[in-house]
Structure formats: C-alpha cells, structure tokens
Amino acid sequence: MKKRNMKVLALLMTVTMAGTMLAGCGDSGSTSTGSSGGATASSSGTADASSDATAASSSTADASSEDTTGSDDVVGELPRNETLYFAGQQWGTVNDYNPMSANSNNAMVIAQGDASRVLVYETLYMWNPLDAKMYPLLADGDPVWNDNRTEITVKIKADAKWNDGTPVTAKDVAATYHAHVDYNSSTGAEMKSYIADVVAQDDSTVVFKLTTDDSGEAVNPVLAERYLPMLYIMQENYLKTVADRNNNDAEAIKMDKMDDLVTSGPYKKYFDNDQNVVLIRDDNYWGQADSMWGKLPVPKYISHPIFKDNAAATTAFQNGDVDVAQIFITDLQKLWLEQDLPISTYVDEAPYQLCMTMPTLFFNTEVEGLDQVAVRKAIAMAVDYDQVISSAMSGQSPTFADVPRSVMNPTDAEQAMVDQDALKEYQWSNADVEGAKKLLDDAGIVDTDGDGIREYNGKNLSYKAECPTGWSDWNATLEIVAAAGKNIGINIETYFPEAANYSTDYSTGNFEITMQSGPGTSVANPYMRCRFFMSSDYNDLEVNFSGNFGHYQNDRVDEILAAIPHETDDAKLKDYYTELSKIMLEDCPCVPLMYRPQVFHEVNESVWTNYPQKDDGTNVPPMDCTDGYGVAALYNLELIDG
C-alpha cells in the first residue's frame, strides 16, 4: 500500500531533513524520461544541456527577511515547512516574465495553455479536466453567449486586485488582447483569427467579439472560447509603462524582461538564477476574499531547483527534497511497494495517473504503400499495444481493452461524448497478426519474391518510423511497432534523430511514419484533437506543427469538423464524434498507441500531505498544484507534523 497515511514515518523523515536543502543528485538507477511531443524538456525527457545546475542548495533569502525581489545577492535557505519544492517543469535559466515573449523559458510563471499555470499571472477562468468545466478566477460567474454565438460577455470579480492594490477591470482584459494583437505576439497572431475585438463596456463588463464570416456567423466559437481559461490578463497601466520604455516598438516590447511585473496571482517573483526559481506568496492576495478561495495558499514559497536532468530530479524526489514531480518514472509503483517511500500518485493502482493525452502514430499518406488503407490498418492491427503499455509505459496507461480506441481520451467527461457500443465492430484485438496478414492478402499485397517483405506496385513495403533520440519510452514503443511490421511482412526500421531534426521532419512532411502527441484536455477538446488527427486544414502548410502530419484527406471529416463549433446539441455532438472515431478506425491515418498523463503528477509526502487523489471528494485535478483548477490543491495542503 502507499505511504499517504504513514505520517509517523514521514515525520521522522522530515525531522531528519530539517534545515537541509536539495542534495545528492547522482544516478537514480531508474529510467526517467518523458516523451510527449511538447516544447519543454519536462515533456521530452531531455533537460536543458546548457545548464550545469545540480540539485544544489537554494540561493534564497532567509525566511525572516523582507521581500527582496530582484536581488542578486540573496543567500540562505528557505524554511522547509513553508516551501513547496517542484521538479520537472523548469529546465534552464529564466529569460523573462513576459507573456508576449516567444522564449520566456519561465515555466513556473508563464505556461499559457489549455489549463494555464496560474501562480503569478491569472486567467479569467480555470479549466478542470475532471468534469470538463471552467471555474471562474478573475471572472465573476459563467461566460454569457449572445443568441447567434458571436459575442461572449464576461463579468470581472469586484474583489480582484493587482498586486499594487488597484482593481482588475474589464479595461485590463481589453488591453491584454490588444497588446497581443498590436504587437503580433504568437498568441495574438492566432487569437485574432477567432476574436475580432475585445471591448470593455464598463469597469466590470468585457465583451469578446468573435471573428465572423461573410454570412455573419462566427468563424469558430470553440476556438474563441478556448482563450477564456488560457489568456493571462495583464494590467493596462503596466502595459503602457512597458510600451513607453520601449518607444512603442513591438519587437522591443516582446523582448522586454518585465521583471518589474504587476500581476494578480497568489505568488510573485522572488528570486531566480541558473540554479533555482523561487516565488513568494503575496499575503495581500485578493483571492483570500470570500468571492474566491477565502484564504491564502498554504506554502509561503514555491521553489523549483534547476536540475541537470531527469535522473537528478528523480533522485531528489525520492530523497524527499522535492515534493511535487512532473517526470516520467519507470515502474513508479516500486517507489512505495519495494522502497517503502512516502510517495503517492493520483490513483492508487495502475495506471496511477490521470491520462489525458494520446501519443499517436502518423502515417504519411503521400508515401507509396502508406497511401493504402490496408497497409496502414494492417500495421495498426499487428501492434502489441499491451506490450507498449506494460513495457514502454510501465503500466502507467489504461489498456485499449479498458478504454477502447476513439478520438476521446480516457477521462469520464470525454468518454461520455462518444458511443462506444456503436464502435465495437470497428475495433481490433491486440496484436492481431493473423487478421492483419489476411487484410493484406485480400488486398493483393503479398510477398512475390520470397524475401519476407510484401510488395506494392513492385516495390518492397519498407519504411522508417521516427521519434527523437533519448525519448526512451517512445523509442521502445516504435521498436514494438517495427516488430509488428516484421510479423506481417512489412519492413519498418526505427530512426531516432535529434529532437530538432525530428521536429523539422514531421513539420515539413519529410517522414514515412512518425510519432506525435496532441491536445490533451481543454474547453476546446475533443474538437481540437480531432483536427489534430485528421483535419485537411493543415495540408497546404509549408511548415505544420498543428496536426494531420500525414496529409490525410477526407471530405466527410472536414464537413464534421466545420459543423462541430456551431453545434450546441449534445446528442448531435456525440453522433459527430462517434462518426469521426469510426473514420479514424477504418482509415487509420493515425493510430493512438497509448494514453498518457497531460502532466505527470507524483508527490512525496515527507513534508506536505493532502494532495489531490481520486475519489477524495475535492474535485481538484492532478495538475501539479499549478495548472488550471489544479491550483486549488495549494489551498488544501497540510504539513505532515501539522
């Protein structure tokens, strides 16, 4: 059993560690590499090689000192009983605190996504994957749509304040939108495709006016709504300050470090260097008002040491020097079953995590042979997915017997949006080698020269399957795919280039078979995931990081994807998603290989306890205590000895 309730042991460990900081970051002895295709090292499993940081002691101010934000000579140790330590999110030195920057490398402060990190900057709403709902943060109540779904009206909480004591207003929301658009940040460039304007009607009312087509219909209400829990709201007056000191030059503004930032969140900048990033609680935080949390978050400090690699981070986590880890640890369960450590995950039993993403095999449908449904589906049928899950994922994924294939992730909220009974006849059994051979034989794709490899149009079916070197679980997965090919007479060789080369290959279509991980959970999913799997909108892009990397084309898919954003009837949406799932299973332009956490959420309860756990009644998701509604966990934490 886990160590969640073994407080006596944990207390002893706490006493042992009192007054110490992070130490001993040698080889953990266990593989610890992640592999989602994201941009951060925490998801790729490769730390920033430019940083020589080890798990050194934190260079932070003594707890009794005043806030010394920006100081370069802060020394001392953080009090262990007031500090929550993280690993697996921040790799390398922080570049800036600017949400409009293209390269902040400031994961603890700026992680603006489907469930944005809201420790420092805040969003209007927080996404909760457990019930697929948005919860108000700066907003007051639910967003209100007009009748033809071309406008969204949001009220701002009267209690919401900036950390300089001034109120957060609708003008700040409008100014944030216009800054992103006017300065052409990457967020603004995308956002203006779906939101034409944001207008403050008064201090507490802001209206999002959606981009419309010639008929007056919103281009895409779903992708417009996505920004409500995503977009960091910035202060209008501070944005003016930044613009003035950069002579209103857009490029200079986007490069401004903004280290004098004005924000609304529960924490603010305290200290950062090439070894550590530290945030300190704002004890005047507006969220302690009854209209929000009603109290302050429990930890006074948030600290993320910058580890050399995942192995070092894993060692610190096992030692109890890290409380919350976002790292893939092979055979995670052995940490409590065999090593008897006070380590917990969201789920007590396999798959241990809340899996919300789907690492997926993409076939280049413009490559001869792979343009044939029979070839793609035969490969898909022959793969031993149970081995992928038990070996590459060490059991940290539901099986496809537990959660049958569809366009949905395994969360209850998404599973309710597809008719699995209607999809039963389109599913295939695990490692169905004989069924795959028959499919190829029936299609006339056979081995005519006796070399063991089938031919199509006189050429051997021989392909490269690629993903980045060092992504050990993905590397192992593709080896299993290659073995499946061999079993049915298709030669598949694995190819593991450097991550940069891999990115170039899949984004330019210079591949035969590749592996990628798409959208997890958000207010815009499963719609965005369906686009990622099969939308032809991406087919004419010279450089495509968005999805459908194999240039699959299906007119019916495009019709459904065009209809979904304008459909509000749940039954009709279920029909659409069921049909998209059927098409994916029949045509196999891509094949989900496993389910995977959107973030890995592992906690060491040597010092802190009462983290989110399945069926605990809190409805707080396992999002590392930082992302979307997952930040609510910070208000429930308790000290082991407390």
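Numbering of residues starts from 1 in every chain and runs along the sequence as written. Note on the predicted model: pLDDT of at least 70 is required for a residue's local features to be given, and 80 or more for side-chain atom pairs to be given and counted; whole-chain, interface and lining totals, by contrast, use all residues. Calculated side-chain values reflect all of the structure's heavy atoms, with hydrogen atoms and water omitted.

Caption draft 1: Examining the sheet that holds strand 8 (residues 267–272) more closely. Pairing is mixed in the open sheet, where seven strands are placed in the order 8-9-10-1-11-22-12. Since the sheet does not close on itself, it has two edges, and those belong to strand 8 and strand 12 (343–345), each with one partner. The contact rule is simple, with two residues in contact once any of their heavy atoms fall within 4.5 Å. Lines fitted to C-alpha atoms define the axes, with helix axes restricted to the stretch in contact, and inter-axis angles between N-to-C directions lie between 0 and 180 degrees. The helix and strand labels rest on DSSP assignments: H or I over at least four residues marks a helix, E over at least two residues marks a strand, and numbering proceeds from the N terminus. The sheet strands contacting helix 8 (residues 310–319) are strand 1 (83–87), strand 11 (324–325), strand 12 and strand 22 (602–604), and the helix crosses strand 22 at an angle near 45 degrees. Criterion used throughout: strands pair if DSSP finds at least two bridges between them.

Caption draft 2: Structural context of the nonpolar core. Among the buried residues, those of types Ala, Val, Leu, Ile, Met, Phe, Trp, Tyr and Cys that are joined through side-chain atoms within 4.5 Å form a nonpolar core. Remark: exposure states derive from per-residue accessible area (1.4 Å probe, protein chains only) relative to the maximum for the residue type, with buried under 20%, exposed over 50%, and partly exposed in between. Grouped together as the largest cluster of nonpolar side chains are 171 residues, with contacts concentrated most on Leu 124, Phe 208, Trp 293, Leu 580 and Leu 634. What Leu 634 contacts, discounting residues up to four positions off in sequence, is Leu 84, Leu 119, Tyr 267, Pro 297, Val 298, Pro 299, Ile 302 and Cys 625. The next biggest cluster of nonpolar side chains, apart from the first, holds 17 residues, and it includes Ala 87, Ala 313, Leu 341 and Tyr 352.

Caption draft 3: Spotlight on the packing of aromatic side chains. Between the rings of Phe, Tyr and Trp (Trp by its six-membered ring), a pair exists once the centres lie within 6.5 Å; its type follows the angle of the planes, with under 30 degrees stacked, over 60 edge-to-face, and the other angles tilted. Counted under the stated rule, the structure contains 19 aromatic pairs. Between Trp 336 and Tyr 352 the ring centres are 5.7 Å apart and the planes differ by 75 degrees, which places this aromatic pair in the edge-to-face class. Placement of the pair is Trp 336 in helix 9 (residues 334–337) and Tyr 352 in the loop between strand 12 and strand 13 (355–357), with a sequence separation of 16 residues. Take Trp 336: its relative accessible area is 4%, and that puts it in the buried class.

Caption draft 4: Spotlight on the pattern of salt bridges. In the sections that follow, a salt bridge refers to a side-chain nitrogen of Lys or Arg positioned within 4 Å of a carboxyl oxygen of Asp or Glu. If you walk through the whole model with that rule in mind, you get 20 salt bridges. Between Arg 596 and Asp 473 there is a salt bridge; the shortest N-O distance is 2.8 Å. One end of the pair, Arg 596, is in strand 21 (residues 596–597); the other, Asp 473, is in helix 15 (residues 472–487), with 123 residues separating them in the sequence. Here Asp 473 falls in the buried class, since its relative accessible area comes to 1%. We note a salt bridge from Glu 559 to Arg 556, for which the minimum N-O separation is 3.0 Å.

Everything listed is a geometric property; what it means functionally is a separate question.
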